[in-house]
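Single-letter residue listing:
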2 protein chains.
Amino acid sequence: MERNNSSKASRWDELATDWCPVARALSVIGDRWTMLIIRDCFLGKSRFEEFQTSLGVTRHVLSDRLKRLVERGVLERNAYSQRPLRYEYRLSDKGRDFAPALVGLKDWGKKHMPVRKPAAV
Amino acid sequence: MERNNSSKASRWDELATDWCPVARALSVIGDRWTMLIIRDCFLGKSRFEEFQTSLGVTRHVLSDRLKRLVERGVLERNAYSQRPLRYEYRLSDKGRDFAPALVGLKDWGKKHMPVRKPAAV
DNA sequence: AGCGTAGGTTCCATTTGTGAACGGAGAATT
DNA sequence: AATTCTCCGTTCACAAATGGAACCTACGCT
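Positions within a chain are numbered from 1, following the residues in the order the chain's sequence is written. Whichever chain is written first is A, and whichever ligand is written first is 1; the rest continue in order. Restriction of local features to residues with pLDDT of at least 70 applies here, the model being predicted, together with a cutoff of 80 or more for giving and counting side-chain atom pairs; totals for whole chains, interfaces and linings are based on all residues. Side-chain metrics rest on all non-hydrogen atoms present in the structure, leaving aside hydrogens and water.

A. Local environment of the relation of the copies chain A and chain B. Placing chain A over chain B gives an RMSD of 0.0 Å and needs a rotation angle of 180 degrees, together with 0.0 Å of translation along the axis. Taken together, the turn and the small shift mark the pair as related by a two-fold rotation axis. Minimal C-alpha separation from the rotation axis in chain A is found for Ala-101 of chain A, amounting to 2.3 Å. By the convention used here, residues are in contact when the closest approach between their heavy atoms is within 4.5 Å. Residue by residue, 100% of the interface of chain A is reproduced at the interface of chain B, so both copies engage with the same surface. Least-squares fitting of one copy onto the other uses the C-alpha atoms of those residues that reach a pLDDT of at least 70 in both copies.

Next comes the structure, spelled out in structure tokens:
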């Protein structure tokens, strides 16, 4: 499905080589769900099932995103169990460097998207 | 196409009311192209054609994004010409508050996505 | 043997994005 | 006055991404 390397490039996936560093950053984390996976990593989550239940994203989109993030060096994939072979995903230094951007988004969300409480009846 | 308000909600468009402020921010700017439109606004661009040629996004996706950003108060739409009635899109205060997040992305892109120059032959 | 769990993959329907053409309204050119 | 140009979109057919559910593998538990 995703990751078919034979297709012609659309403008979106030319962003990785754009002149603008913001565009290049978005080529890595500009897809749906990706930034939220990174947020979950900052919150200490590391396993497939954790991300899946936390985000409600479908499993194969999650699978695709994790694969891309590992390919691009934002996450590292390590076996946390050998006998049932199981992997966890952890932020690399490159991934941890998203902290300032994430904080920027957090501050904006807090200020401009207040949680709507049900009207007290 | 987009903006049909009768459809059932998927997880993605429930983000606007998520407990996490990062998720709420992403519900506004987490779509493809949206953050790049905001970047262009910071760079002084304000008109439909400017965004379109700068980004290479298709016209009706651009049209959709601008509409959403105005609806959500990130951009303001003002007539800049009366006789051919034409509009421009400018950042509101709410939109300008994306500056820190944008800077975070810029710094990450500069550090971790260096521009590949063609090998000097 | 049968069930549960973690981490995926596969299938199909729906939604979103792309690419190109079309439209309208006024401006500028011939 | 007719044609062309510019700006800001809309519409259409097709391709790609996403959603939702089922399935699979390998192991552990009872």
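B. Here's a closer look at the nonpolar core. Ranked by internal contacts, the top residues of the largest apolar core, which has 64 residues, are Leu-75 and Leu-105 of chain A together with Met-35 and Leu-75 of chain B. Not counting chain neighbours up to four residues away, the residues in contact with Leu-75 of chain A comprise Ile-37, Cys-41, Leu-66, Leu-69, Val-70, Tyr-89, Arg-90, Leu-91 and Ser-92 of chain A. Residues grouped as a nonpolar core are buried Ala, Val, Leu, Ile, Met, Phe, Trp, Tyr and Cys residues, joined through side-chain atoms within 4.5 Å. Only protein chains enter the calculation, and the probe is 1.4 Å; a residue is then buried if its accessible area is under 20% of its type maximum, exposed if over 50%, and partly exposed in between.

C. Expanded view of the interface of chain A and chain B. On the side of chain B, 43 residues touch chain A, which itself brings 43 residues to the contact. Accessible-area loss on putting two parts together, using a 1.4 Å probe and summing over both, is the definition of buried area adopted here. Buried surface at the junction of chain A and chain B, both sides included, amounts to about 3,800 Å², of which 74% is carbon and sulfur. Salt bridge, as used here: a side-chain nitrogen of Lys or Arg that lies within 4 Å of a carboxyl oxygen of Asp or Glu. Along the contact surface separating chain A from chain B lie 4 salt bridges. Arg-32 of chain B is paired through a salt bridge with Asp-31 of chain A; the nearest N and O atoms lie 3.5 Å apart. What qualifies as a polar contact is a pair of N or O atoms within 3.5 Å, subject to a donor-acceptor requirement within protein and to the restriction that residues adjacent in sequence count only when both atoms come from side chains. Inspection of the chain A/chain B interface yields 9 residue pairs in polar contact (both at pLDDT 80 or more). Looking at the side of chain A that touches chain B, the elements with two or more residues in it are helix H1 (21–29), helix H2 (34–42) and helix H6 (99–112) of chain A. Nonpolar residues are Ala, Val, Leu, Ile, Met, Phe, Trp, Tyr, Cys and Pro. Charged residues are Asp, Glu, Lys and Arg, and all others, Gly as well, are polar. Of the residues assigned to the side of chain A that touches chain B, the class counts are 26 nonpolar, 6 polar and 11 charged. Secondary structure elements are taken from DSSP: a helix is a run of H or I of four residues or more, a strand is a run of E of two residues or more, and numbering for both begins at the N terminus.

These results come straight from atomic positions and should not be treated as a statement about function.
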